[in-house]
Amino acid sequence: MFPRRDAYGMRSENMELFSAQNIVKQFDKHTALNNVSMDVPEGSIFGLLGPNGAGKTTMLRIINQITAPDHGELFFKGEKLKPKHIHHIGYLPEERGLYKKMKVGEQSVYLARLKGLSKKDAQKKLNYWFEKFEIQAWWNKKIEELSKGMQQKIQFIVTILHEPDLLIFDEPFSGFDPINVNLLKQEILKLKEAGTTIIFSTHDMASVEELCDYIVLINKSENILNGQIDELKKKYKSNIFEIIFTENNFNLLESTLSFNYKILEHIKQNKNNILKVELLNDLTTNQFITHMLKIGEIVSFREVLPGMNDIFIKVVEENT
Amino acid sequence: MNKILLIIKREYLTRIKKRSFIVMTIIGPILISSIFFIQIWLKKSGQPEKRHIAVIDENYQDGLDIIRKNRSDTATDLIMSFYTKIPSSEYLKFTYLEEDTFSEKEKILRSGYDAVLYLPERVLKASTVEIYSYDEITLGTKNYIENHLEKIIEKEKLRREEVDANILARIRTDINIISNIIKEDGTQVKSNLEINIIISIIGSFLIYMFIFMYGAQVMRGIIEEKTGRIVEVIISSVKPFQLMMGKIVGVAMVGLTQFFLWVILTVIFVGTIQLFILDPVAPPTEQLTPENFLSKSQTQSPLMPAQAEEEALSLSDTFESLKNIPFGLIISSFIFFFLGGYLLYSSLFAAVGSAIDYDTDAQQFMLPITIPLVVAIIVAMNVFDNPDSTFSYWFSIIPFTSPIVMMARLPFSPPATDIIISMILLILTFIGTTWLAGKIYRTGILMYGKKVNYRELWKWLRYKG
């Protein structure tokens, strides 16, 4: 896959904010990334998924120009990725921390200036965020005097302070309590609304489903799945339906047509039966519903789409 | 805005604001000036307790017996004019007992004397005397008695050999070699070996100490960044090499700041002590203990004019040779070799710091860094014996020992070519070690929880950017 270009050699409109093509990275005899590509559409939240040791962190480090790939190309806003782009990228690494003995304000200004902000701008933006999170009182405290969650808040602010076009979060929610996780998710969604593109790497599939538009799944250094979440779900659906009905005539349920579907789960809830079935042998939903009408009164019927968790496990296992 | 300057600034400011830096900066000069102060203070006021010593001198008592028997005043005068007692000083009082009460020495001690000094009749031949006391006598007291007895006995022996003591005093000679160095351009300057040795030792030791102190600071700083997990946050903004160099340069500036503050504060402290606490006397060139000093001033006070002249001459020589020491060259070379040696070693310290997770893991990698430094300081402490030997030469050329050993050679005016070769090699080597360290560093700082060995480091060196 090569970047799309128009007749003038410029990359076309409505393109990816960031794109990595055929990235290869080797450490001695170990291949950390083998031909991994990813296209991150502008304004989207992009999940970088994979089991431990798949090469996610290496990929993120390559995007941040901490390490260079052995082969492959990287593009930022259509240009080849260069050191100057560092100022437009914000990175919250998984292994993160702050200088423990340094004061909160002083340290925030220092880190902001390393990202290219002037002292004045840094101060101004920090004031805004500190007010927003109501943490002005922390300014002159040392980092070591703050709780872990408080430190994470500072770390988050410092990451987004220079208003980067691309934000990279590696396991951003670790170390936060549920209330703050929620607060953070809201902020991430607000950043997305404001037009920021976000690369998001995590093991927490629930938050992937909640936040991500696109994903790439890396396993054993290779790209094994990528695309839009909705499409992937459709692609990996497995003819499983959930039907809720009121009746108890199970003899009928099991005697007829039973060879054409498989009951996966049956829960009784007061008068309601909640049934999870897999339709086999090209049995259509209409045929199934017609059949169910004979058994009882249908309350609801819906298709069960696979969760990202299921897809993740399925694809990784298939590729192992 | 150059980011490396931001890093240098942070490294510098956070360190000089630390309490430990401020404490060290003040304590260093206080220690140095207190050594100076204590020496003089001891001499001025810290005198030992007064001691009263009873002397049982058989010769003296024999003399008294003769006088008593003869009852002749002339005889008394005759004998006593030749007889010299040990003089009492401000702190030591000698009382010559008139009866031979050696067998009752314990009784004498109990009656209030601190010690009993026994001079047997054969003292002139045996040259041993004995002293009895409850507590050990001080070294000062012992020296005092020895010095005076030696003089008294020498005088007595001279008298018996019929030699005039005054003639002897006149012909006494004290040779002081004034060393003159003839330079290549024909000018000649006076040098002072002793001062050169002192400068050689102090200069090389300071470099040794600074390399260790500040090299270790670089290492600890890196370990702190690594264990605090801040390092990946920073290197998403700057290159790892910039972060490493920023730290190295920042710490070097802390070192230079400390050095200059030490020099300035020491001068101020010593100056203040001299001005307010002490009489404005020139510091004595040779003094060890108060007693020694006192006895010296007493025995040498009626100096022969020639001797006094000589001493004045040697003092002015000292000042002249001080003037001839190329302080400009030595201080600028000190700064050069400090920086060169520091850059070389601190980059190695940085590589070690990046490779490990905790201070305690540093041991195995520290050894190869420590050994050349320790060898260098041992060589440097002996350079003054033969500053131009092949041994000294090679150790002052090899970059891993040159900063310390060349500093030790410098006061002895080594050939300019040696200094230049040494400097060039040092620059090339620290560029090399910094480059190597940078490669280890950029991989090491991102490695967590890995037991690192030399093979692993070798692998890192070959990783591509």
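Summary of the structure given here. (Residues numbered from 1 in each chain as written. Chains lettered and ligands numbered in written order. Predicted model: local features only at pLDDT ≥ 70, side-chain atom pairs only at ≥ 80, totals over all residues.)

Let us look at the overall build of chain A. When you go through chain A residue by residue, the secondary structure sums to ten helices and 14 strands. A compact globule built from 320 residues should have a C-alpha radius of gyration of about 20 Å, whereas chain A, at 25 Å, is more than 25% larger. When its C-alpha atoms are laid out on the principal axes, chain A stretches across 75 × 50 × 40 Å. Taking all 320 residues of chain A together, the buried fraction comes to 36%. (Helix = DSSP H or I, 4+ residues; strand = E, 2+ residues; numbered from the N terminus. Rg over C-alpha atoms; globule rule 2.2 N^0.38 Å. Buried ≥ 20, exposed ≤ 12 C-beta atoms within 10 Å, placed from the backbone.)

On to the interface of chain B and chain A, then. Taken together, the contact between chain B and chain A spans 19 residues of the former and 21 residues of the latter. Elements with a contribution of two residues or more to the side of chain B that touches chain A: α1 (3–16) and α10 (231–235) of chain B. Class assignment of the residues belonging to the side of chain B that touches chain A gives a composition of eight nonpolar, five polar and six charged. (Contact = placed C-beta atoms within 7 Å. Nonpolar A, V, L, I, M, F, W, Y, C, P; charged D, E, K, R; others polar.)

Attention now goes to unusual backbone geometry. Residue and element names in this part refer to chain A. Residues other than glycine seldom take positive phi values, yet E171 does so here, at roughly 50°. In this fold, E171 is placed in the loop between β7 (166–170) and α5 (178–193). Phi angles above zero are rare outside glycine, and K220 is one such case at about 45°. Following the sequence through the fold, K220 ends up in the loop between β9 (214–219) and β10 (222–228).

Residues and elements named next belong to chain A. On the basis of which strands lie adjacent, the open sheet formed by four strands has the order β12-β13-β11-β14 and antiparallel pairing. This sheet does not close on itself; its edge strands, each paired only once, are β12 (261–269) and β14 (297–303). Within the sheet, the average angular offset between the axes of one strand and its neighbour, ignoring direction, is 20°. Relative to β14, strand β11 (residues 240–246) is paired through six bridges, and the arrangement is antiparallel. Across the sheet, the residue bridging to I244 is S300, located in β14. (Pairing = 2+ DSSP bridges. Axes fitted to C-alpha atoms, helices over the stretch in contact; angles between N-to-C directions.)

A few words now on the pairing of β9(A). Residues and elements named next belong to chain A. With respect to burial, β9 is a largely interior element, six of its six residues being buried. Residues Y214, V216 and I218 point to one face of β9 and I215, L217 and N219 to the other, with burial holding for every one of them. In terms of strand pairing, strand β3 (residues 45–49) meets β9 through four bridges, oriented parallel. In the strand pairing of β9, G47 is matched with I215. In the sheet, β9 pairs with β10 via six bridges, with the strands oriented antiparallel. Note that in β10 the partner of N219 across the bridge is E222. Counting the residues in the hairpin turn of β9 and β10 gives two residues, including K220, whose phi is positive at 45°.

What follows is about the packing of helix α2 (residues 104–114) of chain A against α1(B). Interhelical geometry of α2(A) versus α1(B) gives an angle of 160° and a closest axis separation of 9 Å. If you check the angle between α2(A) and α1(B), you find them roughly antiparallel. Here α2(A) and α1(B) pass one another in a crossing that is left-handed. Here A:Y110, A:R113 and A:L114 of α2(A) lie close against α1(B), whose contacting residues are B:K3, B:L6 and B:R10. In terms of residue class, the contact of α2(A) with α1(B) is built from three nonpolar, no polar and three charged. (Parallel < 35°, antiparallel > 145°, perpendicular 65-115°, else oblique. Left-handed = near helix turned anticlockwise from the far one by under 90°.)

Structural measurements only, silent on function.
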